[in-house]
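What follows is the residue order along each chain.
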Amino acid sequence: MGDSNSKIPPSSIFYPVSTPAHEIDVVAFFVVMICGAIFVIVGGLLTYSIVRFRPRPGEDDREPPQVYGSNPIEFAWTTVPVIIVFVLMLITARTIFTVQAATRPPGAISVHVIAHQWWWEFRYPDLGVVTANELHVPLSDPQNPTPTFLDLESADVAHSFWVQRLAGKTDVIPNKKNEMWIEPHELGTYLGQCGEYCGTEHALMLIRVIVEPRADFDKWVAAQKQPPNVDASVVHGRQVFESTACVNCHTIQGTSANGRFGPDLTHLMARVTIGSGAAMNTPDNLKVWVTDPSVMKPGALMPAMNLGDKDLNDLVAYLATLH
Ligand code: CUA
């Protein structure tokens, strides 16, 4: 998906494109290799002994010689596992330190992530941008790293932020701020998913991370900071929006709507999907969504608006101008 190699899935733990995900991949591979080698050696010796020393017809049933208290054998089977465990511990500790103790370099982007049932709010405090479900970050150049640091908080229950190709999973817990960071080295759109069961629509609490060249990211930020489009042809649609329950949950800059319960819609059409990845963001899907979100996302907390045809069409025409 927008990736240099389209055969690689946009969400896979096996193709890391970001520093923390890469570190985790290396340590996981190393542990699996060591454990695999132990499995092959132990399984091989066991199989060999079973075959080589099986009872054969004509043998007497005397016991084989019993070995007790052999210091060399006991020394070997104590020290070797201790050394292996110690090596695993050291490499794991090193990875944990690299991932968790990273400091924010001057060029780092900060994003405040707020998990909601069942969508993601992304706020860029230094850039003055608020959006939802689709996180834009700049590509990080190893010579001049621009990682993105995420502070994660929950507005309701426990969630977990997981974009497999960018970093490990980080739980998002009510009344606690967790931190994580990503440092993507490849352009593309990476898909992620809430990784902690959080209620009916846990499965449709999807994440998109758009990694773009710095210039495109700056353009996106500039567009997000623009006041919303004011289009005289959709005045009635805007009136419908402002006179219904929409305003209690959603924000559109420059209108009376300043709710925080649902996603900020100021630049709705800059997003590819609606409903936290439940459907593509097209006028037809918006009509279905506004009429009754539970058609696309059963259990969604947004109520069915059930507007008349004219109001619905005008409202969606207005929403479609929010670039
Ligand atoms: Cu949010 Cu599962």
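The following paragraphs examine the structure supplied in this document. For clarity, every value in this text was computed on a predicted model and none was experimentally measured.

With 12 residues, helix 3 (residues 214-225) ought to run about 16 Å at 1.5 Å a step, and its terminal C-alpha atoms sit 17 Å apart, in line with that. Within helix 3 the residues assigned to the buried category are Phe217, Trp220, Val221 and Gln224. For helix 3, the angular spread of the buried residues around the axis is 100°, confining them to a single face. Exposed and oriented more than 90 degrees from the buried face of helix 3 are Ala215 and Lys219.

Tallied over the entire structure, the rule returns eight aromatic pairs. Arranged with centres 6.4 Å apart and planes meeting at 90°, the rings of tyrosine 48 and phenylalanine 53 form a pair that is edge-to-face. Residue phenylalanine 53 is classed as exposed on the basis of its relative accessible area of 57%. Considering the side-chain rings of tryptophan 120 and phenylalanine 161, the 5.3 Å spacing of their centres and the 90° angle between planes classify their relative orientation as edge-to-face. Of this pair, tryptophan 120 sits in strand 2 (residues 119-124) while phenylalanine 161 sits in strand 6 (residues 159-162), and the two are 41 residues apart along the sequence. Per residue, the accessibility class of tryptophan 120 equals that of phenylalanine 161, and both read buried. Site record: aromatic cluster; members linked through ring pairs are Trp120, Phe122 and Phe161. Above the plane of the ring of tryptophan 162 lies lysine 169, whose end atom (NZ or CZ) is 4.5 Å from the centre.

Further remarks concern the pairing of strand 2. Of all six residues that make up strand 2, five are buried, and the element is covered over most of its length. Sheet topology places strand 1 (residues 109-116) next to strand 2; five bridges connect them, and they run antiparallel. Along strand 2, the bridge assignment pairs alanine 115 with tryptophan 120. Judged from the four bridges that link them, strand 2 and strand 3 (residues 129-132) form a sheet pairing that is antiparallel. From the neighbouring strand, tyrosine 124 faces strand 3, where its bridge partner is valine 129. Count of turn residues in the strand 2/strand 3 antiparallel hairpin: four residues, of which glycine 128 carries a positive phi of about 70°.

So, on to the sheet that holds strand 3. Ordered by their spatial adjacency, five strands build an open sheet running 3-2-1-5-8, and the pairing between neighbours is mixed. The open sheet terminates on both sides in strands that have one partner only, identified here as strand 3 and strand 8 (178-182). The average undirected angle you get between the axes of adjacent strands in this sheet is 25°.

Our next topic: a nonpolar patch on the surface. Residues Ile13, Phe14 and Tyr15 make up a contiguous nonpolar surface patch of roughly 340 Å² in combined accessible area. Assignment of secondary structure puts phenylalanine 14 in the segment before helix 1 (19-52). Of the residues examined, phenylalanine 14 reaches a relative accessible area of 62% and is grouped as exposed.

The next subject is the packing of helix 1 against helix 2 (residues 71-100). At a minimum axis distance of 9 Å, the contact between helix 1 and helix 2 shows a crossing angle of 170°. In terms of axis orientation, helix 1 runs roughly antiparallel to helix 2. From helix 1, Pro20, Glu23, Ile24, Val27, Phe30, Val31, Ile34 and Ile38 reach across to helix 2, where they touch Ile84, Val87, Leu88, Ile91, Thr92, Arg94, Thr95, Thr98 and Val99. In terms of residue class, the contact of helix 1 with helix 2 is made up of 12 nonpolar, three polar and two charged.

This part takes up unusual backbone geometry. In this structure, the amide linkage connecting glutamine 117 to the following residue, tryptophan 118, adopts the cis form with an omega of -5°. When you line up the elements, tryptophan 118 lands in the loop between strand 1 and strand 2.

Let us now look at the pattern of salt bridges. Here the structure, examined in full by the defined rule, presents seven salt bridges. When the shortest N-O distance is used, the salt bridge between glutamate 121 and arginine 260 registers 3.1 Å. In this pair, glutamate 121 sits in strand 2 while arginine 260 sits in the loop between helix 5 (246-249) and strand 11 (273-274), placing the two residues 139 residues apart along the sequence. When its relative accessible area of 45% is taken as the criterion, arginine 260 is described as partly exposed. Through salt bridges with shared partners, a single ionic network connects Arg104, Asp151 and Glu179.

Cut-offs and rules
- Residues numbered from 1 in each chain as written.
- Predicted model: local features only at pLDDT ≥ 70, side-chain atom pairs only at ≥ 80, totals over all residues.
- Heavy atoms only, no water.
- Helix = DSSP H or I, 4+ residues; strand = E, 2+ residues; numbered from the N terminus.
- Expected span 1.5 Å × (residues − 1).
- Buried < 20%, exposed > 50% of the residue type's maximum accessible area, 1.4 Å probe, protein only.
- Arc of directions from axis to C-beta.
- Phe/Tyr/Trp six-rings, centres within 6.5 Å; stacked < 30°, edge-to-face > 60°.
- Lys NZ or Arg CZ within 6 Å of the ring centre and 35° of its normal.
- Pairing = 2+ DSSP bridges.
- Axes fitted to C-alpha atoms, helices over the stretch in contact; angles between N-to-C directions.
- Patch = residues over 30% accessible without salt bridge, like charges linked within 9 Å, V, L, I, M, F, W, Y side chains within 5 Å.
- Areas by Shrake-Rupley, 256 points an atom, 1.4 Å probe, with all protein chains shown as cover.
- Salt bridge = Lys/Arg side-chain N within 4 Å of Asp/Glu carboxyl O.
- Parallel < 35°, antiparallel > 145°, perpendicular 65-115°, else oblique.
- Contact = heavy atoms within 4.5 Å.
- Nonpolar A, V, L, I, M, F, W, Y, C, P; charged D, E, K, R; others polar.

Function-wise, these values are silent; they only describe arrangement.
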